[in-house]
Amino acid sequence: MNHMMLDALNQQINEEMYSAYLYLSMVAYFHSMKMPGAAHWMVAQYKEELIHAEKIIAYIMDRGAIFKLREIKEPTNHWSSPIDAFKAAYAHEQHITGCINNLYDIAMREKDYPTVQFLQWFINEQVEEEANSSQIVDDFERIGHDARGLFMLDRELASRPMPVPAPTSKE
Ligand code: FEO
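Keep in mind that what you see is a predicted model, and the values were worked out from it rather than measured.

**Student:** Just to check I follow, could you spell out the packing of helix α2 (residues 36-62) against helix α3 (residues 82-109) for this structure?
**Tutor:** Two quantities define a packed helix pair, namely the angle between the helix axes and the distance between the axes. It is at 13 Å that the axes of α2 and α3 come closest, and there the two elements cross at 15°. Of the possible angle classes, the one that applies to α2 and α3 is roughly parallel. In terms of crossing hand, the pair formed by α2 and α3 is left-handed. Together, A38, W41, M42, Q45 and E49 of α2 and F86, A89 and E93 of α3 make up the contact between the two elements. In terms of residue class, the contact of α2 with α3 is built from five nonpolar, one polar and two charged.

This is the structure:
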């Protein structure tokens, strides 16, 4: 793997770790808002982001290269409302999609076909990531300020299953 590709993948590890931090920060926010279902949803999302980072780490090692960790910036811990937090999650996932697309462009330009193949999983995953948060924003909008509706939505968010543990290599 050439230096440019490795550098870009190292940066994506950082993006995924920051994503994990951001969602963990949202766990604190939803806990403070007394929305245990949304907090649970964010715990699952936090774990999913760790899996994304670990997937890239395992891939770099499979290619015989050495991954390098970078400083993770501090996420905000305040949003103006629950829907605002999910809107921020959706906007963040759109940003991550842009990062993945950029990685794909680099892999194509560098003719790094194994990485092109590897990134396919992330391209598909981002469709799901954006759809998940965007759907919840829609749900919040539909409910508005209806207390019973918010209670029911929080209950539904509590049913999100936890992601399966990260693969260690070649998966
Ligand atoms: Fe790792 Fe939510 O994208």
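**Student:** Even after reading the chapter, I still don't get the environment of C99, so can you show me in this structure?
**Tutor:** Mapping C99 onto the fold places it in helix α3. Given the relative accessible area of 16%, C99 is considered buried. Expressed as a C-alpha distance, the spacing of C99 and A8, which sit 91 residues apart in the sequence, is 9.3 Å. If we skip the residues at most four places from it in the chain, C99 touches Q12 and E15.

**Student:** Looking at this model, I keep getting lost on the pattern of salt bridges. Mind explaining?
**Tutor:** In a structure, side chains of opposite charge can pair up when their charged atoms sit close to one another. Counted according to the given criterion, the structure contains five salt bridges. A salt bridge links D7 to R70, with the shortest nitrogen-to-oxygen separation between them at 2.5 Å. Residue D7 is found in helix α1 (residues 3-32), and its partner R70 is found in the loop between α2 and α3; the two are separated by 63 residues along the sequence. Residue classification places D7 among the partly exposed residues on the basis of a relative accessible area of 36%.

**Student:** Is there a simple way to think about unusual backbone geometry in this case?
**Tutor:** The backbone of K34 sits at a positive phi, close to 60°, despite the residue not being glycine. Relative to the assigned elements, K34 resides in the loop between α1 and α2. Judged by its relative accessible area of 71%, K34 falls in the exposed class. The residue K111 is not glycine, and still its phi comes out positive at about 55°. Position of K111 relative to the elements: it lies in the loop between α3 and α4 (113-143). Assessed through its relative accessible area of 58%, K111 is described here as exposed.

**Student:** Help me understand the packing of α1 against α2, please; the structure alone is not making it clear to me.
**Tutor:** Viewed as axis vectors pointing N to C, α1 and α2 meet at an angle of 165°, and their least axial separation amounts to 8 Å. Viewed along their axes, α1 and α2 adopt a mutual orientation that is roughly antiparallel. Where α1 crosses over α2, the handedness of that crossing is left-handed. Grouping the constituent residues of the contact of α1 with α2 by class yields 21 nonpolar, six polar and two charged.

The rules behind these values
Residues numbered from 1 in each chain as written. Predicted model: local features only at pLDDT ≥ 70, side-chain atom pairs only at ≥ 80, totals over all residues. Heavy atoms only, no water. Axes fitted to C-alpha atoms, helices over the stretch in contact; angles between N-to-C directions. Helix = DSSP H or I, 4+ residues; strand = E, 2+ residues; numbered from the N terminus. Parallel < 35°, antiparallel > 145°, perpendicular 65-115°, else oblique. Left-handed = near helix turned anticlockwise from the far one by under 90°. Contact = heavy atoms within 4.5 Å. Nonpolar A, V, L, I, M, F, W, Y, C, P; charged D, E, K, R; others polar. Buried < 20%, exposed > 50% of the residue type's maximum accessible area, 1.4 Å probe, protein only. Salt bridge = Lys/Arg side-chain N within 4 Å of Asp/Glu carboxyl O.

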